[in-house]
Amino acid sequence: MEEKNKMMDLSFEDMFGTNVFEGNNDEPLWDKLIQQIIDGNVIPVIGTDLLIDNSSNLHKVIIDFLAKGFHVSSNPKSFSELIYDIDYTKANKKDNVYYQVNKVFASKKFAPSQKLQRLLSIRQFPFVITTSFTPVVEQAMQAIWEDELKVMRFNNNPSENDDIKNGTDLRKPTVYYMFGKVGEGAHKYVLTDTDMLDFVSSWLSNDNRARPKNLCSELKEKYLLMLGNNYSNWLFRFIWYSMRKPDLGHGMLAYDTLDESLLNFLERAETFTKQNTSDVIDQIITRLEKKLEENETTKFNEPEDNMDVFISYSRSDSKIAEKLYEALTSQGKRVWYDRHNLTDGGNFMDEIRKAIRTAKYFVPILSENITKEKGESHVYRNEWDQAIEVAISMGRTYIIPMAVEGFDFYRAAIPEKMQQHNAIFFSENEGIKAVAEKIIHKMNQD
């Protein structure tokens with residue numbers, strides 16, 4: 001008996017040499033998230049609680065405004081509670097709430113929260129999903145991307161729902177309204193509980209006519225960053241599952257309040273969860289900036305492929321190439337540039353050929369130095385030949401020449417198939433940042 005009691009007194013630490021309940025190292029999860037952001041695989045999903053700088057979320061602000069206007073005294077917490085309140089029904093039909101909400105947003109703009117602006121301003125998130133019908137995320141994106149921004153929405157009508165063409169569209173500045181957008185008619189965006197059930201059932205459907213087939217397919221492979229989506233337990237599960245099935249993991253949820261059973265569900269599904277949305281955004285920005293700085297100063301040990309841009313240049317134009325690299329990477333683009341990407345001791349021509357074949361765009365820098373070197377043997381001419389072969393198989397723009405103003409394509413002995421591509425010209429006095437923005441704009445048009 002005494003031996004048995006001794007056994008019962010043993011702790012896990014005694015048995016296994018460590019306390020399994022001690023410590024919770026999130027660093028590998030943070031590292032994974034930041035690397036996914038750099039690789040362009042993260043899709044933010046922005047909810048109501050992140051939209052404005054207010055102790056109440058924006059939906060509750062609108063509910064309170066309408067309740068006050070119609071002398072509703074019950075303090076409704078949702079649009080459903082509002083429209084079923086006896087004081088409201090005395091003056092309105094239930095569907096009139098859509099007209100009232102449309103009227104509010106037609107006359108007033110709500111400034112995006114500082115947290116939302118900070119998150120989206122780092123530009124590593126060109127494609128953003130919003131679960132709110134309000135245009136606040138669109139306003140924040142518009143301030144960053146201007147006329148490049150594309151607006152798409154799902155309004156639960158198979159003949160009108162927007163869908164992406166393929167995964168390339170996820171790299172273009174876009175805001176996608178998952179539950180419709182204010183300004184539409186009754187039940188074409190989510191206000192009530194019934195609306196939400198109707199929309200979620202469509203997103204969960206296996207009928208590709210009922211949901212955006214291509215977007216749903218691409219989202220399965222992406223890392224979803226859920227921010228400000230403080231929905232109820234089962235509603236959040238439905239929303240999460242509609243975007244993640246069949247793989248429930250591979251994402252992060254930042255929350256301020258969360259039902260314990262939902263937290264357990266997400267952790268079982270290997271979802272990274274962290275409390276305090278504001279702190280999470282600060283962590284993302286700080287860690288991302290640090291990682292990008294490390295990448296700037298560290299030579300890669302292995303060659304990278306599937307980059308956004310391959311820069312081809314003469315050694316005489318190294319300063320221009322370096323500035324272009326910095327300008328493009330600061331905008332969140334993954335750039336292959338030999339001074340940063342060639343590995344030590346590798347077969348450099350094999351690495352270059354692979355990088356050109358897998359890059360999304362090829363940007364040759366053309367200056368008078370090319371003209372001066374036309375009778376000489378240079379690696380960049382081999383790069384041009386490889387890029388021309390790739391361009392022939394592409395169904396879109398692949399080569400985007402960047403040429404100094406006044407550059408003569410013919411005198412420089414540029415291959416004919418290279419001459420056929422429209423160049424972006426720049427002057428000595430024009431900042432490379434402006435040229436990089438023109439290149440990105442051209443990329444986003446395809």
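As a reminder, the structure under discussion sits directly above these lines.
Residues numbered from 1 in each chain as written. Predicted model: local features only at pLDDT ≥ 70, side-chain atom pairs only at ≥ 80, totals over all residues. Heavy atoms only, no water.

## Considerations on the overall build of the chain
Okay, step 1: Scanning the chain from N- to C-terminus turns up 21 helices and twelve strands.
Okay, step 2: Each of the 446 residues in the chain was classed as buried or not, and the buried ones make up 49%.
Okay, step 3: Pairs at least 24 residues apart make up 68% of the contacts formed inside the chain by residues separated by at least 6 positions.
Okay, step 4: Accessible surface computed for the chain: about 22,200 Å², of which carbon and sulfur atoms make up 47%. (Helix = DSSP H or I, 4+ residues; strand = E, 2+ residues; numbered from the N terminus. Buried < 20%, exposed > 50% of the residue type's maximum accessible area, 1.4 Å probe, protein only. Contact = heavy atoms within 4.5 Å. Areas by Shrake-Rupley, 256 points an atom, 1.4 Å probe, with all protein chains shown as cover.)

## Some remarks on the sheet that holds strand E9 (residues 335–336)
Okay, step 1: Strand order in the open sheet formed by five strands is E9-E8-E10-E11-E12, and the pairing between neighbours is parallel. The strands lining the two open edges of the sheet, one partner per strand, are E9 and strand E12 (424–426).
Okay, step 2: In this structure, strand E8 (residues 309–312) lies alongside strand E10 (residues 361–366), joined through four bridges in parallel fashion. Looking at the pairing, Phe-310 lines up with Phe-362 of E10. (Pairing = 2+ DSSP bridges.)

## Section: the packing of helix H15 (residues 318–330) against helix H21 (residues 432–445)
Okay, step 1: Where H15 meets H21, the closest approach of the two axes is 9 Å, and the angle between their N-to-C directions is 60 degrees. Comparing their axes, H21 and H15 come out oblique. With respect to the hand of their crossing, H15 and H21 are arranged in right-handed fashion. Together, Ile-320, Lys-323, Leu-324, Ala-327 and Leu-328 of H15 and Ile-432, Lys-433, Ala-436, Ile-439 and Ile-440 of H21 make up the contact between the two elements.
Okay, step 2: Residues of the contact of H15 with H21, tallied by class, amount to eight nonpolar, no polar and two charged. (Axes fitted to C-alpha atoms, helices over the stretch in contact; angles between N-to-C directions. Parallel < 35°, antiparallel > 145°, perpendicular 65-115°, else oblique. Left-handed = near helix turned anticlockwise from the far one by under 90°. Nonpolar A, V, L, I, M, F, W, Y, C, P; charged D, E, K, R; others polar.)

## Brief notes about the packing of aromatic side chains
Okay, step 1: Scanning the entire structure with this criterion turns up 19 aromatic pairs.
Okay, step 2: Judged by centre distance (5.8 Å) and plane angle (75 degrees), the rings of Phe-154 and Phe-199 are edge-to-face. Taken together, the positions of Phe-154 in the loop between strand E3 (150–153) and strand E4 (174–177) and Phe-199 in helix H10 (residues 193–204) put the pair 45 residues apart, joining distant regions of the chain.
Okay, step 3: Using a relative accessible area of 0% as the deciding quantity, one classes Phe-154 as buried.
Okay, step 4: The buried category is assigned to Phe-199, whose relative accessible area is 1%.
Okay, step 5: Ring plane angle 75 degrees and centroid distance 6.3 Å describe the contact between Phe-179 and Phe-199, whose orientation is recorded as edge-to-face. Taken together, the residues Phe-179 in the loop between E4 and H10 and Phe-199 in helix H10 connect sequence positions 20 residues apart. The pair formed by Phe-179 and Phe-199 is uniform in burial state, with each residue classed as buried.
Okay, step 6: Three or more aromatic residues joined by ring pairs form one cluster here, namely Phe-79, Tyr-98, Phe-105, Phe-110, Phe-133 and Tyr-189.
Okay, step 7: When the ring centre of Trp-145 is taken as reference, the NZ or CZ atom of Arg-123 above it lies at 4.1 Å.
Okay, step 8: Sitting over the ring of Tyr-361, Arg-396 keeps its end group 4.5 Å from the ring centre. (Phe/Tyr/Trp six-rings, centres within 6.5 Å; stacked < 30°, edge-to-face > 60°. Lys NZ or Arg CZ within 6 Å of the ring centre and 35° of its normal.)

## Section: the side chain of Ser-80
Okay, step 1: Its place among the elements puts Ser-80 in helix H5 (residues 79–83).
Okay, step 2: Discounting chain neighbours no more than four positions away, the residues touching Ser-80 are Thr-192 and Asp-193.

## Points about the pattern of salt bridges
Okay, step 1: Under the counting rule described, the total for this entry stands at 15 salt bridges.
Okay, step 2: A salt bridge links Lys-274 to Asp-26; the shortest N-O distance between them is 2.8 Å. You can see Lys-274 sitting in strand E7 (residues 272–275) and its partner Asp-26 sitting in the loop between helix H2 (12–16) and helix H3 (27–38), a full 248 residues away along the chain.
Okay, step 3: For Asp-26, a relative accessible area of 13% corresponds to the buried category.
Okay, step 4: With a shortest N-O distance of 3.4 Å, Arg-153 and Glu-184 are connected by a salt bridge. Remark: Glu-184 occurs in the loop between E4 and H10 and Arg-153 occurs in strand E3; sequence separation between them is 31 residues.
Okay, step 5: Each of Arg-153, Asp-162 and Glu-184 takes part in one network of salt bridges that share partners. (Salt bridge = Lys/Arg side-chain N within 4 Å of Asp/Glu carboxyl O.)

## As for the layout of surface pockets
Okay, step 1: There is about 610 Å³ of room inside the largest pocket.
Okay, step 2: Contributing to the lining of the largest pocket are 26 residues, with His-59, Lys-77, Ser-78, Tyr-231 and Leu-235 lying nearest its centre.
Okay, step 3: Every element with two or more residues in the lining of the largest pocket is listed here: helix H4 (58–69), H10 and helix H12 (233–244).
Okay, step 4: In terms of residue count, the dominant contributor to the lining of the largest pocket is H10 (four residues).
Okay, step 5: Counted by class, the lining of the largest pocket contains eleven nonpolar, eleven polar and four charged residues. (1 Å grid on protein atoms, 1.4 Å probe; cavity = no way out; pocket = protein on both sides within 12 Å on 5 of 7 lines; lining within 4 Å. Points joined across faces, edges and corners; volume = space filled by probe spheres on them.)

## Things to note about the environment of Gly-406
Okay, step 1: Secondary-structure assignment places Gly-406 in the loop between strand E11 (402–404) and helix H20 (416–419).
Okay, step 2: Expressed as a C-alpha distance, the spacing of Gly-406 and Ser-427, which sit 21 residues apart in the sequence, is 8.7 Å.

## Considering empty space enclosed by the protein
Okay, step 1: Applying the stated criterion across every chain, the model contains three cavities of 30 Å³ or more.
Okay, step 2: Each pocket or cavity is described by its volume, and for the largest cavity that value is around 150 Å³.
Okay, step 3: Around the largest cavity, the lining is made up of 17 residues, and of these Gly-40, Gln-124, Pro-126, Arg-171 and Gly-332 lie nearest the centre.
Okay, step 4: Looking at the lining of the largest cavity, the elements with two or more residues in it are H3 and strand E1 (42–46).
Okay, step 5: Residue classes in the lining of the largest cavity are distributed as eight nonpolar, four polar and five charged.
Okay, step 6: Considering only enclosed or pocket space, the second largest cavity measures out at about 80 Å³ in volume.
Okay, step 7: Residue composition of the lining of the second largest cavity, grouped by class: two nonpolar, two polar and five charged.

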